[in-house]
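Letter by letter, the chains look like this.
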Amino acid sequence: MTTADQELEGRLALVTGASRGIGLAIARRFAAAGAHVAVSARSLDTSATFPGTLAETVRLIEDAGGTAFPVRADVTQAADRARLIEEVQAQLGPIDVLVNNAGTASYSPAADVSPEDYEYTVAQYFRAPFELSQRVIPGMRESGGGWILNIGSSTARHPEGPPYNESARTLGLVLYASLKAALHRFTAGLAAELHEDGIAVNSVAPVAAVRTPSVEAAGVLSPDRPEIIEPAEFMAEAALALCAGDPRTLTGRVVYSSPILTELGRTVRTLDGREEYPVQPVARG
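So, here's what we can say about the structure.

Procedures and definitions
Think of each chain on its own: its residues are numbered from 1, step by step along the sequence as written. Per-residue local features of the predicted model are confined to residues with pLDDT of at least 70, and side-chain atom pairs are confined, for both listing and counting, to 80 or more; whole-chain, interface and lining totals are unaffected and use all residues. Only heavy atoms go into the side-chain values, all of them from the structure, while hydrogens and water stay out. The way it works is that DSSP assigns letters per residue, a run of H or I at least four long becomes a helix, a run of E at least two long becomes a strand, and they are numbered from the N terminus. It is over C-alpha atoms that the radius of gyration is taken, and the globule rule equals 2.2 Å times the number of residues to the power 0.38. Each residue is placed in one exposure class: buried if its accessible area under a 1.4 Å probe, protein chains only, is under 20% of its type's maximum, exposed if it is over 50%, and partly exposed if it falls in between. Every angle, taken between N-to-C directions, lies between 0 and 180 degrees, and every axis is a line fitted to C-alpha atoms, over only the stretch in contact when it is a helix. Crossings are classed by handedness, with left-handed meaning an anticlockwise turn of the near helix from the far one by less than a right angle and right-handed meaning a clockwise turn. Here a residue-residue contact requires only that any non-hydrogen atoms of the pair lie within 4.5 Å. Using a grid of 1 Å spacing that covers the protein atoms alone, one calls a set of points a cavity when a 1.4 Å probe fits there but cannot get out, and a pocket when the set is open and has protein on both sides within 12 Å along at least five of seven lines; lining residues are those with an atom within 4 Å of a point. Grid points are joined across faces, edges and corners, and a volume is the space filled by probe spheres set on the points. Centre distance within 6.5 Å is the pairing criterion for rings of Phe, Tyr and Trp, where only the six-membered ring of Trp is used; planes under 30 degrees apart are then read as stacked, over 60 as edge-to-face, and the remainder as tilted. When DSSP locates at least two bridges between a pair of strands, those strands are taken to pair. A helix is expected to span 1.5 Å multiplied by its residue count minus one. We define a salt bridge as a side-chain nitrogen of Lys or Arg found within 4 Å of a carboxyl oxygen belonging to Asp or Glu.

The subject of this paragraph is the overall build of the protein. Counting its secondary structure elements, the protein contains 9 helices and 9 strands. The globule rule puts the C-alpha radius of gyration for 285 residues at 19 Å, and the 18 Å found for the protein is close to it. Projected onto its principal axes, the C-alpha positions of the protein cover 55 × 40 × 40 Å. Every one of the 285 residues in the protein was classed for burial, and the buried ones make up 51%.

This part covers the packing of helix α3 (residues 78-92) against helix α4 (residues 115-143). Viewed as axis vectors pointing N to C, α3 and α4 meet at an angle of 35°, and their least axial separation amounts to 10 Å. Crossing angle aside, the handedness with which α3 passes α4 is right-handed. On α4, the residues that touch Ala78, Arg81, Ala82, Leu84, Ile85 and Gln89 of α3 are Arg127, Ala128, Glu131, Leu132, Arg135 and Val136.

Along the polypeptide, Ser133 turns up in helix α4. Among all residues touching Ser133, those that are not within four sequence positions of it are Leu98, Asn100, Ile148, Phe186 and Leu190.

Rolling a probe over the atoms, with the probe sized like a water molecule, indicates the empty space that remains. For the structure on display, the rule yields 1 cavity of 30 Å³ or more. Considering only enclosed or pocket space, the largest cavity measures out at about 70 Å³ in volume. As for the largest cavity, its lining consists of 13 residues, of which Asn100, Asn101, Ala102, Gln124 and Pro129 are closest to the centre. Of all elements in the fold, only α4 and α6 (174-194) reach the threshold of two or more residues within the lining of the largest cavity.

With that settled, consider unusual backbone geometry. With an omega dihedral of -5°, the bond running from Gly161 to Pro162 counts as a cis peptide bond. Relative to the assigned elements, Pro162 resides in the loop between β5 (146-151) and α5 (166-170). With an omega of -5°, the peptide bond between Pro162 and Pro163 qualifies as cis. As for its placement among the helices and strands, Pro163 is situated in the loop between β5 and α5.

What follows deals with the packing of aromatic side chains. The full count for this structure, using the stated rule, is 6 aromatic pairs. With 5.0 Å between their ring centres and 90° between their planes, Tyr125 and Tyr176 make a pair best called edge-to-face. On the criterion of sequence distance, the pair formed by Tyr125 in helix α4 and Tyr176 in helix α6 is long-range, its members being 51 residues apart. The same class applies to Tyr125 and to Tyr176, which are both buried. With centroids separated by 6.0 Å and ring planes inclined at 45°, the aromatic side chains of Phe126 and Phe130 adopt a geometry described as tilted.

Now for the sheet that holds strand β3 (residues 67-72). Taken in spatial order, the 7 strands line up as β3-β2-β1-β4-β5-β6-β9 in an open sheet, and their pairing is parallel. This sheet does not close on itself; its edge strands, each paired only once, are β3 and β9 (254-256). Shown here is a sheet whose adjacent strand axes are inclined to one another by a mean of 20°, direction ignored. Across 5 bridges, the pairing between strand β1 (residues 12-16) and strand β2 (residues 36-41) is parallel. Considered in β2, the bridge of Ala13 is made with Val37. α3 contacts β1, β2 and β3 of the sheet and is inclined by roughly 150° relative to β3. Across the sheet, α4 lies against β1, β4 (97-100), β5 and β6 (199-205), angled at about 180° from β4, the strand it touches most.

Look at helix α1 (residues 21-32): 17 Å from first C-alpha to last across 12 residues, which is about the 16 Å you get at 1.5 Å a residue. In terms of burial, α1 is a largely internal element, 10 of the 12 residues being buried. Buried residues of α1: Ile22, Gly23, Leu24, Ala25, Ile26, Ala27, Arg29, Phe30, Ala31 and Ala32, and no others. Where α1 ends, the next residue or the one after it, Gly34, has phi of about 105°, a positive value.

Take the pattern of salt bridges next. Under the definition given, this model contains 12 salt bridges. Two residues, Glu87 and Arg83, come together in a salt bridge whose shortest N-O distance is 3.2 Å. Of this pair, Glu87 and Arg83 both sit in helix α3, 4 residues apart, which is roughly one turn of that helix. Given the relative accessible area of 26%, Arg83 is considered partly exposed. We note a salt bridge from Glu131 to Arg135, for which the minimum N-O separation is 3.3 Å.

In short, the description is geometric, and any link to function would need to be established separately.
Right, here's the structure in full:
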């Protein structure tokens, strides 16, 4: 029988973009909760841009007693999107849980976005979640249910103004934020379409910035404002709560990490699941 500590026992979860950051944290937390975790990223054991590799993710999970299966896939490429789902299902069976996390944040004023950057960003943040969700739905329906989780963003909220604050004016968030807003609407709409199939579809975003390598590289974190930085453990615990919940009731939600954890009365645990995390969230946002 599945215990509270093994909420995903017997389930197969696929987490995209799992070589570092939020994806790595979610993959580790899911494995600690008993899931067999398939993890994907653009490369297996090399990283030319940021620290962290898929091979290291697998090693961390296995060292903690979990099971992981790596698949190299670039979700911006149509052939890789198709192959990713096919390979996981051929090797491990139907996917019970899909976490659409992959994407490297890059910001530029809308007037300066090139056609190439536009297509690449759309592929990362909207086309991939849309298509990967399409590809797992048949197996979930056949199995009698499932969970799809999209990683959202607080940037999807409309900027207030005029006057507008410095972030809205200077950070170059328009394309990225617009796609996250579209992802939120996709989440709510797909949840309605799949509710009778027992497939939950939710979106979760951090209340504050998570210190990931790509976010640090973008230069949007201020060392003078620690209150705007959120531990990755908060997102991992919120993701687990949403992917272990009852699909009949916990679906169609576009939520933020701390508020949903508070709403569900959820205690954040370390990524290996063994202890309570030393800091617990305060609902805000």
